[in-house]
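The chain contents come next:
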Amino acid sequence: MITVFTETKSPRLRYTLEILFRRCLGIDFRLITDWDKFRKIDLPRINYSKREHKDSLQIIPHALLFEDSIHSQKIKVKKWNGLPVFFQTNDKGEFPFDALAASFYLLSRYEEYLDYQPDEHGRFPAKASLAYREGFLERPIVNEWAMEIVRLLARSFPDYTFHQTEFRYVSTIDIDMAYSYKHKGVWRNLGGFTRELLKLDLKKLDKRIKVLTDKEQDPLDNFEYQLSQHRKWETEVIYFILLADHSKFDKNIEWDNESFVELIQELAEEYTVGIHPSYYSNKVRKKLAEEIERLESITMKEVDCSRQHFLKLDIRETYKLLEARGILHDHSMGYSEETGFRAGTCSSFPFFDLLKNERRELILHPFAVMDVALNRFKKLNPAQATEKIRELMGRVKKCRGTFISVFHNESLSDFDNWKGWREVYENMLAEAVKVYDPLPA
């Protein structure tokens, strides 16, 4: 138990303490405003005020956690103990910045409520983020700050045993298209055949003909391979299924196709299956309800988890829509073009609605790496991608956090631009079960 003194309680402060201590570290806390009671406590304690008390860790507050408005913040990032820090409040103390306010800024996605230039899909771009601009996007910095707080507390309370969370790995797989050629009907295949012929893409044309004449397996129909790997490594897996009506950006087959339905039911027997809300579900709100109902009718299970197709996420609107439709867990917190930690953490955490200034029940599960970021955007080859994943996972292991990856059945096809990427996936599953060194005392 860590005791935190503050002169004023606030929703933002309590929310931040919950994530830093309970979710990042697995340590309980209590927040008090009684100074005399605080001084008498002989347990790890944090003085979150300007009052002086030599036998506690002092963090001088920045104003952010006691505000209820949203406005541009003056931020200057510096280095301290090898860590990037901002919201400096104490140049002379052993903890020179407000780690609580800085954590809240990243966790709440404060910058995404401010004005920014959206990308072509209306999303907040990675390059607009503070973490990208200052070079710490690939660090779970909130978890690292939390660990630094505990390290300093442990120095003052050497006999106190701090509980530690355990590393966890979750593989998440998006099924945007279950099949490349099969079950798409005459007209869609004819259109594809014509495009490949006009482009003289003989490789894909040959593949299409062989699949449609049952001479080869559809490259996207690699689910038996996936299941064999997941069973081998006893991997925790979540599948997100796109069940949208066909459109420019939603190109799966008909949602009630018999083979597609049987595939989803097979996956749902062994793993968690969530909805992959369509590209246009943010604008046409009835679409989300329809797509969730479709998945529930197939699996005969309640659907409570999601990840936005194309990561179409507007922090001010999307989560409200998901909550209204009964979604309790969302996995959209990350970037499709960059690897790293969009919210600065490798721990799941509740959404904080800055517009209402309140903690919500919806839990966000940030992912660290997506296949398309590695291949299409960062242009890494399989060996380089494997090393990047190992590097990111190593940082999460040191924090005893949760490493979540995003792959697609397309990237596991071992075909075309994804040749050799099965090995990347297999190496990641193997890396996840390796024993890691404990945190230093």
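Here, the structure is the one placed above.
About the cut-offs
Residues numbered from 1 in each chain as written. Predicted model: local features only at pLDDT ≥ 70, side-chain atom pairs only at ≥ 80, totals over all residues. Heavy atoms only, no water. Buried < 20%, exposed > 50% of the residue type's maximum accessible area, 1.4 Å probe, protein only. Helix = DSSP H or I, 4+ residues; strand = E, 2+ residues; numbered from the N terminus. Pairing = 2+ DSSP bridges. Phe/Tyr/Trp six-rings, centres within 6.5 Å; stacked < 30°, edge-to-face > 60°. Lys NZ or Arg CZ within 6 Å of the ring centre and 35° of its normal. Right-handed = clockwise from strand over helix to strand, strands pointing away. Axes fitted to C-alpha atoms, helices over the stretch in contact; angles between N-to-C directions. Parallel < 35°, antiparallel > 145°, perpendicular 65-115°, else oblique. Left-handed = near helix turned anticlockwise from the far one by under 90°. Contact = heavy atoms within 4.5 Å. Nonpolar A, V, L, I, M, F, W, Y, C, P; charged D, E, K, R; others polar.

Asks: In this structure, what is going on with the pairing of strand S8 (residues 236-241)? I would like to understand it.
Replies: Taken residue by residue, a regular strand's side chains alternate between the two faces of the sheet. Among the 6 residues of S8, 5 are classified as buried, and the element is accordingly described as predominantly covered. Here strand S7 (residues 168-175) pairs with S8 via 6 bridges, running parallel. Looking at the pairing, Ile175 lines up with Ile241 of S8. Sheet analysis places S8 next to strand S9 (residues 272-275), joined by 4 bridges and oriented parallel. Counted as the bridge partner of Ile241 is Ile275 from S9.

Asks: It is not clear to me how the sheet that holds strand S2 (residues 29-32) should be interpreted in this structure. Could you clarify?
Replies: Neighbouring strands of a sheet are bound in pairs by backbone hydrogen bonds; such pairs are parallel or else antiparallel. Pairing within the open sheet is parallel, and its 4 strands lie in the order S2-S1-S3-S4. Every interior strand has two partners, whereas the edge strands, S2 and strand S4 (57-58), have only one. Pairing between strand S1 (residues 2-6) and S2: 4 bridges, direction parallel. Counted as the bridge partner of Val4 is Leu31 from S2.

Asks: I would appreciate a short explanation of the packing of aromatic side chains in the present structure.
Replies: How two aromatic rings sit relative to each other is set out by the distance from centre to centre and by the angle between their planes. This model, assessed by the stated rule, comprises 28 aromatic pairs. Arranged with centres 5.8 Å apart and planes meeting at 70°, the rings of Phe86 and Trp145 form a pair that is edge-to-face. One end of the pair, Phe86, is in the loop between strand S6 (83-85) and helix H3 (99-107); the other, Trp145, is in helix H5 (residues 141-156), and 59 residues separate them in sequence. The pair Phe86 / Trp145 is uniform in exposure class, with both members buried. Between the aromatic rings of Tyr105 and Tyr110, the centroid separation amounts to 5.3 Å while the plane-to-plane angle is 25°, which identifies the pairing as stacked. For the pair shown, Tyr105 and Tyr110 are each scored as buried. The structure contains a cluster of three or more aromatic residues connected by ring pairs, namely Trp80, Phe86, Phe87, Phe95, Phe97, Tyr105, Tyr110 and Trp145. Sitting over the face of the ring of Phe38, Arg45 holds its NZ or CZ atom 5.8 Å from the ring centroid.

Asks: So what exactly am I meant to see when it comes to the pairing of S1 here?
Replies: Within S1, 5 of the 5 residues are buried, leaving the element largely enclosed by the surrounding structure. The alternating pattern of S1 places Ile2, Val4 and Thr6 and Thr3 and Phe5 on opposite faces, both of which are buried. What joins S1 to S2 is helix H1 (residues 11-23), and the crossover it makes is right-handed. Sheet analysis places S1 next to strand S3 (residues 45-48), joined by 4 bridges and oriented parallel. By the bridge assignment for S3, Thr6 is matched with Tyr48.

Asks: Which parts of the structure should I look at to understand the packing of helix H13 (residues 382-399) against helix H14 (residues 421-432)?
Replies: A pair of packed helices can be characterised by two numbers: the angle between their axes and the separation between those axes. The geometry of H13 relative to H14 is characterised by a closest axis approach of 9 Å and an angle of 20° between their N-to-C directions. The orientation of H13 with respect to H14, classified from their angle, is roughly parallel. Here H13 runs over H14; the crossing is right-handed. Facing H13, whose interface residues are Pro382, Ala385, Thr386, Ile389, Arg390, Met393 and Lys397, H14 presents Trp421, Val424, Asn427, Met428, Glu431 and Ala432. In terms of residue class, the contact of H13 with H14 is made up of 8 nonpolar, 2 polar and 3 charged.

Bear in mind that shape data such as this cannot, by itself, settle questions of function.
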